[in-house]
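Understanding the architecture of this molecule
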2 protein chains.
Amino acid sequence: MRATVLVRPKPGILDPQGAAVESSLRQLGFPVGDARVGRVVDLEVEATDPTVARSEVERMCEQLLANPLIESYEIELEDGR
Amino acid sequence: MRATVLVRPKPGILDPQGAAVESSLRQLGFPVGDARVGRVVDLEVEATDPTVARSEVERMCEQLLANPLIESYEIELEDGR
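A quick note: this is a predicted structure, and the numbers were derived from the prediction, not measured.

Enumeration according to the criterion identifies 12 salt bridges over all chains in this entry. A salt bridge links Arg2 of chain B to Asp34 of chain A; its shortest N-O distance comes to 3.4 Å. Of this pair, Arg2 of chain B sits in strand 1 (residues 2-9) while Asp34 of chain A is found in strand 2 (residues 33-44), placing the two residues in two different chains. Here Asp34 of chain A falls in the partly exposed class, since its relative accessible area comes to 48%. Residues Arg2 of chain B and Glu44 of chain B are paired through a salt bridge, measuring 3.4 Å at the closest nitrogen-oxygen approach. Pair noted here: Arg2 of chain B is in strand 1 and Glu44 of chain B is in strand 2 (residues 33-44), with a separation of 42 residues, a long-range link. Relative accessible area serves as the criterion here: at 19%, Arg2 of chain B is assigned to the buried category. Each of Arg2 and Glu44 of chain A together with Asp34 of chain B takes part in a single network of salt bridges with overlapping partners.

What follows is the structure in structure tokens.
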């Protein structure tokens, strides 16, 4: 099963990359605000049951994909959220 | 309107970060495959019309957010795709 994980800086956490993107977009003439930059990780997991797959991906997030202190994560599964 | 942009390495393009994530997850005991790492950018755009907002964000992607040669992008709008 294909899983997609979105990892974002938590609200209130400084995001220099987001600030740089926002500033650059404004210089290009796009009046954007509140830009935040995170990561997207796509991967193939062995589990075919969505509940099992989600729980496995949650463990990957806690152990490696995200820093739970400063980042939040969101998990999407290919079929059946 | 809030927009979310997912920027991913195109198929066939080398993704060292994805390879590193996959290898680390396997070392942790997660039998994952085909991991790819990209970026997620959230931002606030002024346009309230979804068609206008999407077209503006597309221009941001072409000019700054993605490298169209090696990356694909996907745009999601807060209300009404």
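Attention shifts here to the relation of the copies chain A and chain B. A rotation about an axis combined with a shift along that same axis relates the two copies of the chain. For the pair chain A and chain B, the superposition axis carries a translation of 0.0 Å, the fit reaches an RMSD of 0.0 Å, and the rotation angle comes to 180°. Overall, the copies show the geometry of a two-fold rotation axis. Identified as the residue of chain A closest to the rotation axis by C-alpha distance is Arg39 of chain A, at 2.1 Å. Of the residues that chain A buries at the interface, 100% are likewise interface residues in chain B, meaning the two copies contact each other through the same surface.

Across the boundary between the two partners, chain A contributes 33 residues, which contact 33 residues of chain B. With both sides pooled, the region where chain A packs onto chain B buries about 2,700 Å², and carbon together with sulfur makes up 64% of that total. In this structure, the connection of chain A to chain B is made through 4 salt bridges. Applying the counting rule to chain A against chain B returns 10 residue pairs in polar contact (both at pLDDT 80 or more). Among the elements of the structure, strand 1 (2-9), helix 1 (16-27), strand 2 and helix 2 (50-65) of chain A are those that each provide at least two residues to the side of chain A that touches chain B. Split into classes, the residues belonging to the side of chain A that touches chain B amount to 17 nonpolar, 6 polar and 10 charged.

A few words now on helix 2 of chain A. Between its first and last C-alpha, helix 2 of chain A extends only 19 Å over 16 residues, short of the 22 Å set by a 1.5 Å rise per residue. Among all positions of helix 2 of chain A, only Ala53, Glu56, Val57, Met60, Cys61 and Leu65 of chain A are buried. Seen end-on, helix 2 of chain A carries its buried residues on one side only, within an arc spanning 150°. Those residues of helix 2 of chain A that are buried lie in contact with strand 1, strand 2 and strand 3 (71-77) of chain A together with helix 1 (16-27) of chain B. The backbone nitrogen of Thr51 of chain A has a side-chain oxygen 3.1 Å away, supplied by the residue at the start of helix 2 of chain A, namely Asp49 of chain A.

Parameters at a glance
- Residues numbered from 1 in each chain as written.
- Chains lettered and ligands numbered in written order.
- Predicted model: local features only at pLDDT ≥ 70, side-chain atom pairs only at ≥ 80, totals over all residues.
- Heavy atoms only, no water.
- Salt bridge = Lys/Arg side-chain N within 4 Å of Asp/Glu carboxyl O.
- Helix = DSSP H or I, 4+ residues; strand = E, 2+ residues; numbered from the N terminus.
- Buried < 20%, exposed > 50% of the residue type's maximum accessible area, 1.4 Å probe, protein only.
- Least-squares fit on C-alpha atoms with pLDDT ≥ 70 in both.
- Contact = heavy atoms within 4.5 Å.
- Buried area = accessible area lost by both parts, 1.4 Å probe.
- Polar contact = N/O pair within 3.5 Å; in protein donor to acceptor, adjacent residues only side chain to side chain.
- Nonpolar A, V, L, I, M, F, W, Y, C, P; charged D, E, K, R; others polar.
- Expected span 1.5 Å × (residues − 1).
- Arc of directions from axis to C-beta.

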